[in-house]
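Fold and geometry: a report
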Amino acid sequence: MIAKIEQLLKEVEALHASNAEELEALRIKFLSKKGAINDLMADFRNVAAEQKKEVGMRLNELKTKAQDKINALKEQFESQDNGCDGLDLTRSAYPVKLGTRHPITIVKNEVIDIFARLGFSIAEGPEIEDDWHVFSALNFAEDHPARDMQDTFFIEAHPDVVLRTHTSSVQTRVMETSKPPIRIICPGRVYRNEAISYRAHCFFHQVEALYIDKDVSFTDLKQALLLFAKEMFGADTKIRLRPSYFPFTEPSAEMDISCNICGGKGCPFCKHTGWVEILGCGMVDPNVLESNGIDSKVYSGYALGMGIERITNLKYQVKDLRMFSENDTRFLKEFEAAY
Ligand code: DAH
């Protein structure tokens, strides 16, 4: 009997099966009720008493080894069966987190939407510009101190190449390529040589608007501004225009809105004046029209420009400008509900 057990032990060690049916046949051969091991168990009672202990141990060893081997072969088939070694296809997928729209994009789109309703369409221009489009064509005289109003990044080897300091440069790009009537809104990024702090950055965003046609007047400008302010900040918003200076507009003005944080009563944000400045504007200077090939005796126009960060701050009270460019998803997520 011991010899038979030894023989079966060898067979068990060498077992292999190349598919599930073969494996089942092996299981029947060794482990089923009528299998080889059970046959031996049945013969066990005929074993001489003094041999029972050794034969019993060997028989148990055979049974465990056969079970282990067949289980191992079974596991091997199951992991091969799904065709992807060790890959658990039943596991749930990694959650895909949707990004959120950037607050600057949200506000930019709102500004564009409001002006689109007034018939303005989007125009864009390059961020790397030349002196002509950023300054000269906009009536900034050579060596005029107005050029210092904006700290410009120049390229050392090419002093004519600048990073645009304002989106007013897109006005000139459009005027030189199209004829009035012109009604455009120009969103974009601008650059200024400023030390970065919570209230200034070396790049930020602006939206410029330009309307040129016959008989465009300051009244048209004021009406567009009032509509914009009410749409953007609420129907109770008031506007106030203060005389100002820009080389490319004459007359020029800066527009304040009644502080939408305190409702005009006075708070730290509006420095207790009840008003906050939001944009520059004016009637396009005839020199600018002429420089860009438009007859200033036939056409007139208005222009305005605003900083998107400023508008965003007014709407959402972002305390530190640097937050806009840090890409901290916790900050960005706060604007999830805003669009
Ligand atoms: N370009 C000006 C700036 O960056 C803003 C501005 C003022 C734009 C008056 C205009 C305007 O179109 O008419 O400060």
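In the block above lies the structure referred to throughout.
**Describing the site of the ligand**
The environment of the ligand is formed by 16 residues, the closest being H166, S168, R192, Q206 and E208. Side-chain polar atom of E208 to an oxygen atom of the ligand: 2.5 Å apart, as the coordinates give it. A distance of 3.1 Å separates an oxygen atom of the ligand from a polar atom in the backbone of A303. Considering the ligand on its own, with 350 Å² of exposed area, one finds that the protein chains cover 91% of that surface.

**A closer look at the pairing of strand β5 (residues 182-191)**
For β5, the buried fraction is high: eight of the ten residues fall into the buried class. Sheet topology places strand β1 (residues 121-122) next to β5; two bridges connect them, and they run parallel. Within β5, the position partnered with S121 by the bridge is I184. One ladder, built from ten bridges, connects β5 with strand β6 (residues 203-213); its direction is antiparallel. Residue R189 lies in a different strand from β6, and its bridge partner there is H205.

**Considering the pattern of salt bridges**
Taken as a whole and judged by the stated rule, the model has 15 salt bridges. Where E110 meets K315, a salt bridge forms, and the shortest distance between an N and an O atom there is 2.8 Å. Placement of the pair is E110 in helix α5 (residues 103-117) and K315 in helix α10 (residues 308-316), with a sequence separation of 205 residues. Using a relative accessible area of 23% as the deciding quantity, one classes E110 as partly exposed. The network of salt bridges with shared partners includes R240, R242, E254, D256 and E277.

Quick notes on the rules
- Residues numbered from 1 in each chain as written.
- Predicted model: local features only at pLDDT ≥ 70, side-chain atom pairs only at ≥ 80, totals over all residues.
- Heavy atoms only, no water.
- Near = heavy atom within 4 Å.
- Polar contact = N/O pair within 3.5 Å; in protein donor to acceptor, adjacent residues only side chain to side chain.
- Areas by Shrake-Rupley, 256 points an atom, 1.4 Å probe, with all protein chains shown as cover.
- Buried < 20%, exposed > 50% of the residue type's maximum accessible area, 1.4 Å probe, protein only.
- Helix = DSSP H or I, 4+ residues; strand = E, 2+ residues; numbered from the N terminus.
- Pairing = 2+ DSSP bridges.
- Salt bridge = Lys/Arg side-chain N within 4 Å of Asp/Glu carboxyl O.

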